[in-house]
Amino acid sequence: MYIYIMTSVKKILITSALSAVLLGFSSIVSAHEMASDTPSVASKCDEITTKIDKRVELFNTNKTTHEERYKTVSTRISNLITKLDDKGYDTSKLKTAFEGLTALITKFNQDYTVFIDSIVMLKHFPCGNSQGGFLEQLRVAHSDLKIVRQDTVDIRNYYKDNVRPALQELRDQKPKQTTPSQ
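What counts as what
- Residues numbered from 1 in each chain as written.
- Predicted model: local features only at pLDDT ≥ 70, side-chain atom pairs only at ≥ 80, totals over all residues.
- Heavy atoms only, no water.
- Axes fitted to C-alpha atoms, helices over the stretch in contact; angles between N-to-C directions.
- Helix = DSSP H or I, 4+ residues; strand = E, 2+ residues; numbered from the N terminus.
- Parallel < 35°, antiparallel > 145°, perpendicular 65-115°, else oblique.
- Left-handed = near helix turned anticlockwise from the far one by under 90°.
- Nonpolar A, V, L, I, M, F, W, Y, C, P; charged D, E, K, R; others polar.
- Core = buried A, V, L, I, M, F, W, Y, C linked by side-chain atoms within 4.5 Å.
- Buried < 20%, exposed > 50% of the residue type's maximum accessible area, 1.4 Å probe, protein only.
- Phe/Tyr/Trp six-rings, centres within 6.5 Å; stacked < 30°, edge-to-face > 60°.
- Contact = heavy atoms within 4.5 Å.

(A) Just the packing of helix H3 (residues 92–120) against helix H4 (residues 133–172), in detail. Axis separation between H3 and H4 bottoms out at 9 Å; the angle between their running directions is 165°. For the element pair H3 / H4, the angle class is roughly antiparallel. The chirality of how H3 crosses H4 is left-handed. Of the residues in the contact of H3 with H4, the class split is 22 nonpolar, six polar and seven charged.

Next up, the structure:
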């Protein structure tokens, strides 16, 4: 009997906690979806717009950080390829890996731009009169964010699986002897 009561209490607590979370989220969204007749709804609309602006600013900062990091990696690899070519190393595998990495970085930059644009589009829906368009655009932004996150994982894995082994191979390699011209 004690176990049954505890199980019931746990179910009630979980259900009430889940309901509170869902109602809390839906109250924010429904405030945006409701007509802005009352001052409280108008203040909620302003609050949502402010949150969107802060998120856009945060994601723009993150994008800049990622771009700088990837640019630094690209520059270092490019300089290394040039330096090792001059010394007579065979850098063909590293060049191929570098081209693939560059393509992934370009895809990441494009997808991140699309993601930020989808967040900015949220501000274009009239507060309270979007007929569900706000929620649909929010879902699009979430799916775009998943793509961006997958891009970062792809870049990390590509570097680990392709670039790093090419660099290791170059460490084990001896440069070709070039004969000086007479």
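(B) Geometry of the nonpolar core. In terms of nonpolar packing, the biggest core is built from 30 residues, with Leu-94, Phe-115 and Val-163 touching the most fellow members. Of all the elements in the fold, those that place two or more residues in this core are helix H2 (39–87), H3 and H4. It is H4 that contributes the most residues to this core, eleven residues altogether.

(C) The packing of aromatic side chains, seen in detail. Across all of its chains, the model carries four aromatic pairs by this definition. Between the aromatic rings of Tyr-70 and Phe-108, the centroid separation amounts to 5.4 Å while the plane-to-plane angle is 90°, which identifies the pairing as edge-to-face. Here Tyr-70, found in helix H2, pairs with Phe-108, found in helix H3; they are 38 residues apart in sequence, far enough to count as distant. Judged by relative accessible area, which is 0%, Phe-108 ranks as buried.

(D) Up close: the environment of Leu-80. Secondary-structure assignment places Leu-80 in helix H2. Between the alpha carbons of Leu-80 and Leu-167 there is a distance of 9.7 Å; along the sequence they are 87 residues apart. Ignoring anything within four residues of it in the chain, the contact list for Leu-80 reads Leu-94 and Leu-167.

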